[in-house]
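What follows is the residue order along each chain.
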Amino acid sequence: MRRDLPIVVAGAGIGGLAAALALARAGRRVAVLERAATIDEVGAGLQIAPNAGRVLQGLGLSDALDAVALSPEAVNIRRARDGAVLARLDISGAKARWGAPFRLFHRADLQQLLLCAVEDCDGTSVRAGARVGDFEEDGGVVELRVHGAAGPEDMEAAALVGADGVRSSVRSFLRTDQSDAPAYSGCTAWRAIVSAADVPVAARKREISVWLGRGAHVVHYPLRDGSIVNVVVVVEDGGARVTEGPLAFSGEQVLREAGFGGCDGELRAVVEAGPSFRRWPLYARPPLTRWSQGAVTLLGDAAHPMLPFLAQGAAQALEDAEALGRAATGGAPLPQAFRAYEQARLARATRVQRASRRQGLFYHAGAPLAFARDIALALLGGQGVLGRAAWLYR
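A few points on the structure. (Residues numbered from 1 in each chain as written. Predicted model: local features only at pLDDT ≥ 70, side-chain atom pairs only at ≥ 80, totals over all residues. Heavy atoms only, no water.)

**Section: helix 5 (residues 107-119)**
Thinking step 1. Over its 13 residues, helix 5 runs 18 Å from end to end, which matches the ideal 18 Å to within 8%, given 1.5 Å per residue.
Thinking step 2. Turning to helix 5, its buried residues are Ala108, Asp109, Leu110, Gln111, Leu113, Leu114, Leu115, Ala117 and Val118.
Thinking step 3. In this structure, the buried residues of helix 5 make contact with helix 1 (14-25), strand 3 (45-48), helix 2 (50-58), helix 3 (62-68), strand 6 (103-106) and strand 7 (124-128). (Helix = DSSP H or I, 4+ residues; strand = E, 2+ residues; numbered from the N terminus. Expected span 1.5 Å × (residues − 1). Buried < 20%, exposed > 50% of the residue type's maximum accessible area, 1.4 Å probe, protein only. Contact = heavy atoms within 4.5 Å.)

This is how it looks when you write it as structure tokens:
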């Protein structure tokens with residue numbers, strides 16, 4: 001293998017940029033290729049739990065994180081129908097317990113923070129408007145076909161990391177069977193950013209609120225020092241609106257989609273404050289038994305796309321990035337490093353992927369399971385619920 005060839009990371013999302021930063025800190029040359037013409041993120045909120053916060057801190061980003069993150073003090077789990085608080089989780093002590101606080105970001109802020117860190121590293125480059133097409137490994141070199149505005153071009157790389165999301169073209173080239181294709185999960189997320197001035201005072205607190213209903217739930221929390229509120233409504237719709245219907249709804253329309261016509265007044269006011277909710281159908285792919293093939297591997301949603309019910313999608317991509325950088329430290333041959341990375345991460349990421357889907361059944365339960373769920377939450381209390389989730393954050 002030629003020592004001057006870079007590792008190519010396909011995808012400049014949070015996982016891809018963190019991987020590039022971790023690999024650069026491990027002494028590897030890195031080239032990030034992003035298919036979008038500009039590297040920016042659609043406005044949406046992002047929860048980063050302590051397990052991922054420790055990764056970002058380990059990359060030397062603590063001061064930058066403090067400048068753009070909001071640290072919530074509690075999580076309130078409530079019943080959508082009447083607003084009853086089923087459990088209140090005090091997370092103000094997360095840093096002392098798990099080494100990092102819970103943090104809330106506007107996704108664009110975290111992506112830009114990582115992009116600047118990558119661009120400041122020696123031996124790294126970032127290129128937008130460049131999509132990785134087919135590739136093959138030959139004599140220790142990965143030969144890539146890259147599609148850009150000027151047409152296709154050939155590129156040589158020491159290795160390829162597919163961090164290109166649930167519709168990963170890298171994964172599709174590695175696994176060509178139809179059973180692995182992205183499939184609609186049966187759930188749609190409706191997302192909006194709302195001015196804090198337009199929501200009830202209670203919704204402006206530095207807290208995460210989760211409202212549970214039959215076949216749907218709502219999550220909202222403040223961002224950017226409390227000036228805006230991120231609102232997400234996840235609805236089981238069975239796929240009826242994947243290929244039809246408008247891309248944007250009013251808050252009132254979203255409440256109807258969720259079946260929350262008779263919901264608590266505070267919840268109604270929060271959702272109706274959203275002038276335009278964007279529709280995001282949620283796709284999934286089956287768990288893999290292998291992520292790597294020679295000098296090609298997968299990371300983040302390309303390896304283990306997961307539903308948002310545990311708020312761990314970005315967190316698991318960040319854990320991947322840390323493990324990949326650690327495996328690539330010391331000059332080990334990259335196929336060997338990728339196998340070590342896969343062995344370190346596959347079991348945990350698959351566990352989280354499956355647990356996220358199960359959590360959706362818990363969130364969206366109807367009677368009589370919802371009644372049993374609500375009693376269980378009340379009996380456990382906030383600390384009990386937090387303790388049951390500690391395996392994620394340790």
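**Side note on unusual backbone geometry**
Peptide bonds are trans in most cases, and residues, glycine excluded, mostly fall at negative phi.
Thinking step 1. Residues Ala367 and Pro368 are joined by a peptide bond in cis, for which omega reads 0°.
Thinking step 2. Within the secondary structure layout, Pro368 lies in the loop between helix 10 (334-363) and helix 11 (369-388).
Thinking step 3. Positive phi, close to 50°, is recorded for Arg224, a residue that is not glycine.
Thinking step 4. Mapped onto the fold, Arg224 is located in the loop between strand 14 (216-223) and strand 15 (228-236).
Thinking step 5. One non-glycine residue, Asp225, lies in the positive phi region at around 60°.
Thinking step 6. Inspection of the secondary structure assignment puts Asp225 in the loop between strand 14 and strand 15.

**Quick look at a positive patch on the surface**
Thinking step 1. On the surface, Arg97, Arg351, Arg354, Arg358 and Arg394 cluster together into a positively charged patch.
Thinking step 2. For the positive patch, the element with the highest residue contribution is helix 10, accounting for three residues.
Thinking step 3. Counting through the fold element by element, Arg358 comes out in helix 10.
Thinking step 4. Residue classification places Arg358 among the exposed positions, given a relative accessible area of 53%. (Patch = residues over 30% accessible without salt bridge, like charges linked within 9 Å, V, L, I, M, F, W, Y side chains within 5 Å. Areas by Shrake-Rupley, 256 points an atom, 1.4 Å probe, with all protein chains shown as cover. Salt bridge = Lys/Arg side-chain N within 4 Å of Asp/Glu carboxyl O. Lys, Arg positive; Asp, Glu negative; His and termini not counted. Charge placed at Lys NZ, Arg CZ, Asp CG, Glu CD.)

By themselves, these figures tell us nothing about what the structure is for.
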